[in-house]
Amino acid sequence: MFAYASEAFGSVMIETVLRRQTLATKLKSAVADMPTRVPDAVARVRRALKAGGIGAAGPPYARYLQYDEKEGVFRLEVGIPLWAAVVLAYGDVFPSALPGGRVLRVDHEGPHTRLSASFAKLDALMDAEGLMPMGPAWESYVIGPETEPDRSRWKTAIYQPV
């Protein structure tokens, strides 16, 4: 892992992550609706895990697959990492995976309403270093609404494959 720290970019890590098997669902959401839509999607995935007797191997995530400018909505994959691959479909929940490889990671502390500032740090560093995104970014909700009611204490790891 390489840590890049400066006043301009804050603390951004460059690291290599392993591919992670997940159980996930997809949704479309405007940014304003994400505070309710993403937790609802996480709850659906947790119900599928419980129904299948499967344990989670990490915190929930949301991966930004596409932005539809015309509709003003993101197409997201919301899921939970697993210890091993599964063959389970439960309603709109399906097996998926988070990619492995080189990523930029920034650790965001505080409410999700300020995540855009952390994404801006990633974008600025990519521009400065001539890096290109190599797939959709994702957020991993290390400490979030499921475990901590105080939004100022939430911790979100943001990953951008490069």
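Conventions adopted
Residues numbered from 1 in each chain as written. Predicted model: local features only at pLDDT ≥ 70, side-chain atom pairs only at ≥ 80, totals over all residues. Heavy atoms only, no water. Helix = DSSP H or I, 4+ residues; strand = E, 2+ residues; numbered from the N terminus. Expected span 1.5 Å × (residues − 1). Contact = heavy atoms within 4.5 Å. Polar contact = N/O pair within 3.5 Å; in protein donor to acceptor, adjacent residues only side chain to side chain. Phe/Tyr/Trp six-rings, centres within 6.5 Å; stacked < 30°, edge-to-face > 60°. Buried < 20%, exposed > 50% of the residue type's maximum accessible area, 1.4 Å probe, protein only.

(A) Region of interest: helix H1 (residues 34-52). The end-to-end C-alpha distance of H1, which contains 19 residues, comes to 27 Å, matching closely the 27 Å that a straight helix rising 1.5 Å per residue would cover. Buried residues belonging to H1 abut strand E3 (20-29), strand E4 (61-68), strand E5 (73-81) and strand E8 (138-143). Of the residues trailing H1, Gly53 is marked for its positive phi of about 65°.

(B) Molecular detail of the environment of Glu148. Mapped onto the elements of the fold, Glu148 is located in the loop between E8 and strand E9 (155-161). Along the primary structure Glu148 and Pro95 are separated by 53 residues, whereas in three dimensions their C-alpha atoms are 28 Å apart. If we skip the residues at most four places from it in the chain, Glu148 touches Ile143, Arg153 and Trp154. There is a polar contact of 3.0 Å between the side chain of Glu148 and the backbone nitrogen of Asp150.

(C) Up close: the packing of aromatic side chains. Inspection of every chain in the model, using the stated rule, returns four aromatic pairs. Centroid distance Tyr64 to Phe74: 5.1 Å. Interplanar angle 75°. Geometry classified as edge-to-face. In this pair, Tyr64 sits in strand E4 while Phe74 sits in strand E5, placing the two residues ten residues apart along the sequence. Both rings, one in Trp138 and one in Tyr159, keep their centres 5.1 Å apart while their planes meet at 20°; by these two values the pair is stacked. With a gap of 21 residues between them, Trp138 in strand E8 and Tyr159 in strand E9 connect regions that are remote in the sequence. In this pair, the class of Trp138 matches that of Tyr159, namely buried.

(D) Local environment of the side chain of Thr25. Here Thr25 shows up in strand E3. On the basis of relative accessibility, which here comes to 0%, the residue Thr25 falls in the buried class. At 3.0 Å, the side chain of Thr25 forms a polar contact with the side chain of Asp92. Contact partners of Thr25, with chain neighbours within four places excluded, come to Ala41, Arg44, Val45, Leu76, Glu77, Val78, Asp92, Val93 and Phe94.

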